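Descriptive structure summary
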Protein chains: 2
Amino acid sequence: MLPIYKEDTIAAIATPPGIGALGIIRVSGPDAIEKVNLLFPKKDLTKVKTHTLHFGPLMYDGELIDEVLVSVFKAPNSFTGENSIEISCHGSPFILQKVMEVLAAIGVRPAGPGEYTLRAFMNGRMDLSQAEAVADLIAAESESVHKTAIQQMRGGFSEQIKELRSQLLNFASLIELELDFGEEDVEFADRNTLMQLLNNTYTQVKKLADSFQLGNVIKSGVKVVIAGRPNAGKSTLLNALLNEERAIVSEIAGTTRDTIEDILIIDGIKFRFIDTAGIRHSTETIEMIGIGRTFEKIKDADIVIYLYDVNSTTEEMLSLDIEAIPSNKKIILAANKIDQMSEESSLITNNQQLTTNNFLPLSAKTGQNIEALKNLLIQSLDLNTNLQSGNDTIITNVRHYNSLINTLRAIENIISGLNISITGDLLAADIHAALNSMAEITGEITNDEILGNIFGKFCIGK
Amino acid sequence: MLPIYKEDTIAAIATPPGIGALGIIRVSGPDAIEKVNLLFPKKDLTKVKTHTLHFGPLMYDGELIDEVLVSVFKAPNSFTGENSIEISCHGSPFILQKVMEVLAAIGVRPAGPGEYTLRAFMNGRMDLSQAEAVADLIAAESESVHKTAIQQMRGGFSEQIKELRSQLLNFASLIELELDFGEEDVEFADRNTLMQLLNNTYTQVKKLADSFQLGNVIKSGVKVVIAGRPNAGKSTLLNALLNEERAIVSEIAGTTRDTIEDILIIDGIKFRFIDTAGIRHSTETIEMIGIGRTFEKIKDADIVIYLYDVNSTTEEMLSLDIEAIPSNKKIILAANKIDQMSEESSLITNNQQLTTNNFLPLSAKTGQNIEALKNLLIQSLDLNTNLQSGNDTIITNVRHYNSLINTLRAIENIISGLNISITGDLLAADIHAALNSMAEITGEITNDEILGNIFGKFCIGK
């Protein structure tokens, strides 16, 4: 769908497909109330107050379709900002389909994907980053994604950008004023104050852009690979990690659908144990770590748990294996089978690798230190200064990230320009480039292609 | 769950599982409004009018869970007849789960299956047959089931039973009055008028009971078997029947889920082509009709389409096959491949089987007369006097059918008693048996076991 905004009246099923107690159809547009009123003989819906509920039969052509509850919202106080009706039916796909057919028969068009939120955006009910947050919020499967999405939806992040942009916009106006007085060589915009604002803006934008690395991990899940030699106990460890949490994970529908991953949510953060099935079913031939498929998995991982059997691993083997893991990876060294440790097999602790990396002795079999391992996984994310404080914004959207990076480049240009005292018109052009990048995030400046990309990915009914 | 009615406050997710634009949680019970008010800081929900909508953040323990739309219903004007709230959230399973957790934390109990409708029944918002209709309505996949369920939900059928029962109850009172005047041999209840009422009631109840045969077929779908010798074109015929309707069927989610049947909806009636996959993939060995698995399928069918190739079937073969089909089955004789008919293979028309059964020449390959075959399938159901008139009630529930049959037996007893002029006390007992059977349908007389059976089958949230 091309999101060309039309002013007709649209309808869509807003509840998930399937059978339930209730199913909702939303109708929005200038004629929404008049149209639904044609199907609702009990009461004149055009005469009722906004934000009221009305129970009665939904009829078409003399036929009773269902007994429904109708919610009436008058413009501009609705999600879309238009006149809107929500029809709450019995949750049968048959009835919902029938209501959609009847609405079509009286000239209400079925909505395309994201068309509701697009209208909300077009009518100024939310900015673009808030609209994007709606989609993220609906898809959220973990506490952390939920938290960042709801913060974004409430405008926390857009407000920050808007504030920075308005300060910069102010300077742009002053500089353009100078240009009007071209011949007179006046300077309305104080260059030092501008430089200060630019530095401050740069710092804030950089902080937002930097948060994307974490935001992206939060949104898509932290990729973890358990690596180690055969019989190190990788499969037992994975089971130990998953077992007690499995019930909680499975309560959230769709979590593990279509994935070949094991998902574990720890402290609200989603961890994805990537393709560990392959690792679990590794053959008996000795596969050196850092060779072949395991290496590919490790390259893709955010965190590597290197697991070894304390009773059969020499310090030499340990060093060899760990050195094979790329140095930019976060590594947790897990010494397994401490429950079976004999007198001879004392724990290696003086190895340099063990002291420079996270190191944890544990027993996958008895469960000893499994909780500590979970804590280490969380700690590895360095959330302290970010998510857990709850105050700072975390960027999770790649489109925002790109706009922030463009903003940074533009600010760098302005600063270089200021440093060599470029002319006012060139300075104004640089500032406008920065202003545009910032405006892209909130949608103050946008185009159909961007809108199409964003709203085309929404589900129908949203 | 045992449906012992409790007066606490309950909550359940009312929308189907999965991701959608909206998800609804219903809260019902004496404290519903007060409880949800604890989570809704924006406005005092205990002070708002019934049937109003309120938008705002849902908060718990300082944490924002979602921005929601809250519908307020005050007792007795709600589905359950109790104070009720509907919380409309973003349609994320994660959020819905979280709202349920937060509600539990403030003392709102998760509802069991059917608990909402049970409360509606207990609070006199609907009778038992109407409550049962709600479940049927939600599960309806075809026009005919939808129609009968919605008629039942609106009380058409219960009204009829209640009216008949109240007339009979009137007589019971008069006869009990006679008993009070025991010694005086008075007769308040005119025996002739009673006999007239009984005959009238019997006729009406019998008509309802008789409609169950059709109602049952409508509800579960009409079982059709296409039988015939190998290469008669059974598979081609099935495809011809299914092809154009397939799209319509698949729009109704869940229609073909978990079935090994092909479903076809004609004029709003569901037809189930039972295990025809087996027939379609029959081996090349000649399998006489009436032998083995095909015979089993035919025994189970409501309608048998006997298909034969006009170009290779002799009158003798035809007679042999048709006679093997049990005579109580509805048979449609379909003469296939009329598009390939040569000069020699003229259509057999004078056969006695062809004249006493529905007979239709067609071509599965070209589609000739496929529409006529669909019409024949509909005609075979003898709907004219039933569903299509739209006036008569059709019983679709086996519990109602059993109660109607018990009512008929009880009325027969009263009539026999009257004929031999039994004493008033025996007569009163017989009348009470009939009254009880009738009361079972609407739930005026019921017990926990019956309620458990009925509401235990509902989904949670309904």
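Here's a quick rundown of the structure. (Residues numbered from 1 in each chain as written. Chains lettered and ligands numbered in written order. Predicted model: local features only at pLDDT ≥ 70, side-chain atom pairs only at ≥ 80, totals over all residues. Heavy atoms only, no water.)

1. Some details on the packing of helix α6 (residues 156–180) of chain B against helix α7 (residues 191–220) of chain B
Each pair of packed helices can be summarised by the angle the axes make with each other and by the distance between the axes. All names here are of chain B. Packing of α6 against α7 brings their axes to within 11 Å, and their N-to-C directions diverge by 155°. Overall, the two elements α6 and α7 adopt an arrangement that is roughly antiparallel. Crossing hand, α6 versus α7: left-handed. Residues Phe157, Gln160, Ile161, Leu164, Gln167, Leu168, Phe171, Ile175 and Glu178 of α6 touch α7, and the partners they reach there are Arg191, Thr193, Leu194, Leu197, Leu198, Thr201, Gln204, Val205 and Leu208. Counted by class, the contact of α6 with α7 contains 11 nonpolar, five polar and two charged residues. (Axes fitted to C-alpha atoms, helices over the stretch in contact; angles between N-to-C directions. Helix = DSSP H or I, 4+ residues; strand = E, 2+ residues; numbered from the N terminus. Parallel < 35°, antiparallel > 145°, perpendicular 65-115°, else oblique. Left-handed = near helix turned anticlockwise from the far one by under 90°. Contact = heavy atoms within 4.5 Å. Nonpolar A, V, L, I, M, F, W, Y, C, P; charged D, E, K, R; others polar.)

2. Things to note about the interface of chain A and chain B
Of the residues lining the interface, 52 residues belong to chain A; the matching set on chain B comes to 52 residues. Note on chain A versus chain B: buried area summed over both sides is about 4500 Å², and carbon and sulfur give 66% of it. Of all residues in chain A, the largest losses of buried area upon contact with chain B belong to Leu22, Leu53 and Phe94 of chain A, amounting jointly to 15% of the total for that side. Taken together, chain A and chain B are joined by four salt bridges. Of the charged contacts in the structure, one is a salt bridge between Glu143 of chain B and Lys98 of chain A, with a shortest N-O distance of 2.8 Å. Inspection of the chain A/chain B interface yields 12 residue pairs in polar contact (both at pLDDT 80 or more). Where the side of chain A that touches chain B is concerned, the elements lending two or more residues are β2 (22–28), β3 (52–60), β4 (63–73), β5 (84–90), α2 (93–105), α4 (128–139) and α5 (143–153) of chain A. At nine residues, the largest contribution of residues to the side of chain A that touches chain B is made by β4 of chain A. In terms of residue class, the side of chain A that touches chain B is made up of 27 nonpolar, 13 polar and 12 charged. (Buried area = accessible area lost by both parts, 1.4 Å probe. Salt bridge = Lys/Arg side-chain N within 4 Å of Asp/Glu carboxyl O. Polar contact = N/O pair within 3.5 Å; in protein donor to acceptor, adjacent residues only side chain to side chain.)

3. Re the sheet that holds strand β12 (residues 358–361) of chain B
Residue and element names in this part refer to chain B. An order of β8-β9-β7-β10-β11-β12 is seen for the six strands of this open sheet, with the pairing classed as mixed. Looking at strand neighbours, the two that pair on one side only are β8 (262–266) and β12, the edges of this open sheet. With direction set aside, neighbouring strand axes in the sheet form an average angle of 25°. (Pairing = 2+ DSSP bridges.)

4. Let's talk about the pattern of salt bridges
When their charged atoms lie close together, side chains carrying opposite charge are able to pair. According to the stated counting rule, one finds 40 salt bridges over all chains in the structure shown. When the shortest N-O distance is used, the salt bridge between Glu132 of chain A and Arg399 of chain A registers 2.7 Å. Of this pair, Glu132 of chain A sits in helix α4 while Arg399 of chain A sits in helix α14 (residues 398–419), and the two are 267 residues apart along the sequence. A salt bridge links Lys270 of chain B to Glu141 of chain B, with the nearest nitrogen and oxygen atoms 3.0 Å apart. Of this pair, Lys270 of chain B sits in strand β9 (residues 269–273) while Glu141 of chain B sits in the loop between α4 (128–139) and α5 (143–153), and the two are 129 residues apart along the sequence.

5. Notes on the environment of Ile370 of chain A
Residues and elements named next belong to chain A. Topologically, Ile370 is positioned in helix α13 (residues 370–379). For the pair Ile370 and Thr52, spaced 318 residues apart in the sequence, the C-alpha separation amounts to 53 Å. In this structure Ile370 touches Leu237, Ala240, Leu241, Ser363 and Ala364, once residues within four positions along its chain are discounted.

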